[in-house]
Amino acid sequence: MFTLPQKESKAPTTCPGPASTQDLDSNHGDGLERECSRKPDWKLPEFCGVGDPTATASSDSSHLSSRGSIIKWFWDSAEEGYRTYHMDEYDEDKNPSGIINMGTSENKLCFDLLSRRLSQSDMLRVEPSLLQYPDWRGHLFLREEVARFLSFYCKSPAPLKPENVVVLNGCASLFSALATVLCEVGEAFLIPAPYYGAITQHVYLYGGVRLVCVYLDSEVTGLDTRPFQLTVEKLEMALQRANFEGVKVKGLILINPQNPLGDIYSPGELRDYLEFAKRHKLHVMVDEVYMLSVFEKSAGYHSVLSLEGLPDPQRTHVMWATSKDFGMSGLRFGTLYTENRDVATAVASLCRYHGLSGLVQYQMAQLLGDRDWINQVYLPENHARLKAAHTYVAGELRALGIPFLGRGAGFFIWVDLRKYLPEATFKEEMLLWRRFLDNKVLLSCGKAFQCKEPGWFRLVFSDKAHRLCLGMQRVRQVLEGKSQVPDDPASCQSQESGNQHR
């Protein structure tokens, strides 16, 4: 128990051989939501490489355009698990046999801290300018605060400039906007895989932009390597493959800390990736949405904005949001920092459709500017709670003899369940995912992240103790072949009772 201080689109159907528990656990730290619900016979449109995404998407509706049919197809094929969860959501009082969500990457540990801060009197201000059309880039007072915030927490060598900041409603909109303004329809971004699968929709549904996967695997080839390690050589190979297949690549997407692996790129690695992009005149979109959710001090996180002299500042675009680091996924606040004024202006123009209300902009400026609360109250407590939750789940996985990767960043552990698949296929992976859901626990399967090895799952731990306890009980039951929902979660609730003050 624990206490909380308060394409190539067609992935291979066989894996190259599992890394051992020792390889994953001793050398590498402690060890989709929605996309994970695809049915066993689901086929991804071939936009992670070559092909026409419309080829496999179909709709029986005579009322939709071809674009509408594709958009509906994404919803129909990729939302089942999330919809099932919302129809049968766990509640300790009203629905104790409901689904425990360990698939959606949300921080549910700090509502008490956030609700107190957001309820204070300085958070509410109403004046005419906040109720009128703003500058589409965001109110100047907010962009100034964002520039100061990023300068401090990204450890920028020079103060960042408000004129390089654009604010809008979340990183999903940012991916969509950047894809639209940087690429022509049918062009592509490189992305290391496994990756957060929703990016597929973010860049395609409006922009018509495809993804070329840079496939990573779990094999450890030497003392200086780690599972799923990204290298420049792998980037070069993926780019050459795309060029050979006639796909024009316009950029590279990096997620740091990485989702779902939790990897943190070193300054040297970041510079190598940026130099690769510069050689090939590629834009680099760097998603740093988990940058303040690094709870292990030894992890040594560095923002790309901390580098002295970016190799190609006009093609480097950094995004961040409050959805993860501040547990506000429902508030919808995101920001872009780019020195390319043309890109900033084009994205700002799309903020007509993705902007924030003036009242929310005011609240965000107040929150981001409260450095004392962030540094002395929120971040220390958030990190302590994340670490405690991670420690508990990691201990449960070790007790089950399950290899995993847990890097000390983010809200998730990348879990190796390959030994539970009768055959190393994505069909078997999906059947295992279904058994978890039938046993009332929602996980995210590797196929949702375009992992090329069947049997990997992402397990989210950033939740309260009693839900984690019950969720892990249900995971254990499935893996031990005892798929039944416990009738009495009292033992898990009692574990939480001692921590209510936290």
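Everything quoted here is computed from the prediction, not taken from an experiment.

(A) View of the sheet that holds strand β9 (residues 404-405). Reading across from one edge, β9-β10-β13-β12 is the order of the four strands in this open sheet, with antiparallel pairing throughout. Sheet topology places β9 and β12 (444-445) at the edges, where each strand pairs with a single neighbour. In the sheet, β9 pairs with strand β10 (residues 412-416) via two bridges, with the strands oriented antiparallel. Paired with leucine 405 across the bridge in β10 is tryptophan 414. The strands touched by helix α13 (residues 371-399) are β9, β10 and β13 (456-460); relative to β10, the strand with the most contacts, the crossing angle is about 10°. Strands β12 and β13 of the sheet are contacted by helix α14 (residues 426-438), whose axis makes an angle of about 30° with β13.

(B) Representation of the side chain of asparagine 382 within the structure. With respect to the helices and strands, asparagine 382 occurs in helix α13. Side chain to side chain, asparagine 382 and asparagine 107 meet in a polar contact 2.8 Å long.

(C) Seen up close, α13. Over its 29 residues, α13 extends 40 Å from the first C-alpha to the last, a length consistent with the 42 Å expected when each residue adds 1.5 Å. At tyrosine 378, α13 shows its maximal bend, which comes to roughly 35°, and the proline proline 380 appears one to four places after that position.

(D) Inspection of the packing of aromatic side chains at higher detail. Within this structure, the stated rule accounts for 21 aromatic pairs. Residues phenylalanine 149 and phenylalanine 326 carry aromatic rings whose centres are separated by 6.4 Å and whose planes lie at 50° to one another, so their mutual orientation is tilted. One end of the pair, phenylalanine 149, is in helix α5 (residues 140-153); the other, phenylalanine 326, is in the loop between α10 (322-325) and β8 (334-338), with 177 residues separating them in the sequence. By the burial criterion, phenylalanine 149 is buried, and phenylalanine 326 matches it. When the ring of phenylalanine 228 is compared with that of tryptophan 414, the centres are 6.3 Å apart and the planes differ by 75°; the resulting orientation is edge-to-face. Of this pair, phenylalanine 228 sits in the loop between β4 (210-215) and α8 (232-244) while tryptophan 414 sits in strand β10; the two residues are 186 residues apart in sequence, bridging distant segments of the chain. For phenylalanine 228, a relative accessible area of 1% gives the class buried. Site record: aromatic cluster; members linked through ring pairs are Phe149, Phe152, Tyr153, Trp320, Phe326, Trp373 and Tyr378. A cation sits over an aromatic face here: arginine 371 above phenylalanine 152, 4.4 Å from the ring centre. We note lysine 447 situated over the ring of phenylalanine 426; from NZ or CZ to the ring centre the distance is 4.9 Å.

(E) Representation of the pattern of salt bridges within the structure. With the rule as written, the count across this model stands at 23 salt bridges. Two residues, glutamate 163 and arginine 341, come together in a salt bridge whose shortest N-O distance is 3.6 Å. On the criterion of sequence distance, the pair formed by glutamate 163 in the loop between α5 and β2 (165-168) and arginine 341 in helix α11 (residues 341-354) is long-range, its members being 178 residues apart. With a closest N to O distance of 3.6 Å, lysine 387 and glutamate 296 form a salt bridge. Within this pair, whereas lysine 387 is found in helix α13, its partner glutamate 296 is found in the loop between β6 (283-287) and β7 (316-321), the two being separated by 91 residues in sequence.

(F) Structural detail: the environment of valine 475. Following the sequence through the fold, valine 475 ends up in helix α15 (residues 465-479). Assessed through its relative accessible area of 3%, valine 475 is described here as buried. C-alpha separation for the pair valine 475 and asparagine 439, spaced 36 residues apart in sequence, amounts to 8.1 Å. Setting aside residues up to four positions removed in sequence, valine 475 forms contacts with Phe436, Val441 and Leu443.

(G) Spatial organisation of the sheet that holds β6. One open sheet accounts for seven strands, arranged β2-β8-β7-β6-β5-β3-β4; its pairing is mixed. The sheet is open, and its two edges are formed by β2 and β4, each paired on a single side. Each neighbouring strand pair of the sheet contributes to a mean axis angle of 25°, computed without reference to strand direction. Note: strand β5 (residues 249-255) against β6, five bridges, orientation parallel. Following the sheet pairing, leucine 254 is matched in β6 by valine 286. Docked against the sheet, helix α9 (residues 267-279) engages β3 (188-193), β5, β6 and β7, running at close to 170° with respect to β5.

What counts, and at which threshold
- Residues numbered from 1 in each chain as written.
- Predicted model: local features only at pLDDT ≥ 70, side-chain atom pairs only at ≥ 80, totals over all residues.
- Heavy atoms only, no water.
- Pairing = 2+ DSSP bridges.
- Helix = DSSP H or I, 4+ residues; strand = E, 2+ residues; numbered from the N terminus.
- Contact = heavy atoms within 4.5 Å.
- Axes fitted to C-alpha atoms, helices over the stretch in contact; angles between N-to-C directions.
- Polar contact = N/O pair within 3.5 Å; in protein donor to acceptor, adjacent residues only side chain to side chain.
- Expected span 1.5 Å × (residues − 1).
- Bend = angle between axes of the 7 residues up to and from the residue.
- Phe/Tyr/Trp six-rings, centres within 6.5 Å; stacked < 30°, edge-to-face > 60°.
- Buried < 20%, exposed > 50% of the residue type's maximum accessible area, 1.4 Å probe, protein only.
- Lys NZ or Arg CZ within 6 Å of the ring centre and 35° of its normal.
- Salt bridge = Lys/Arg side-chain N within 4 Å of Asp/Glu carboxyl O.

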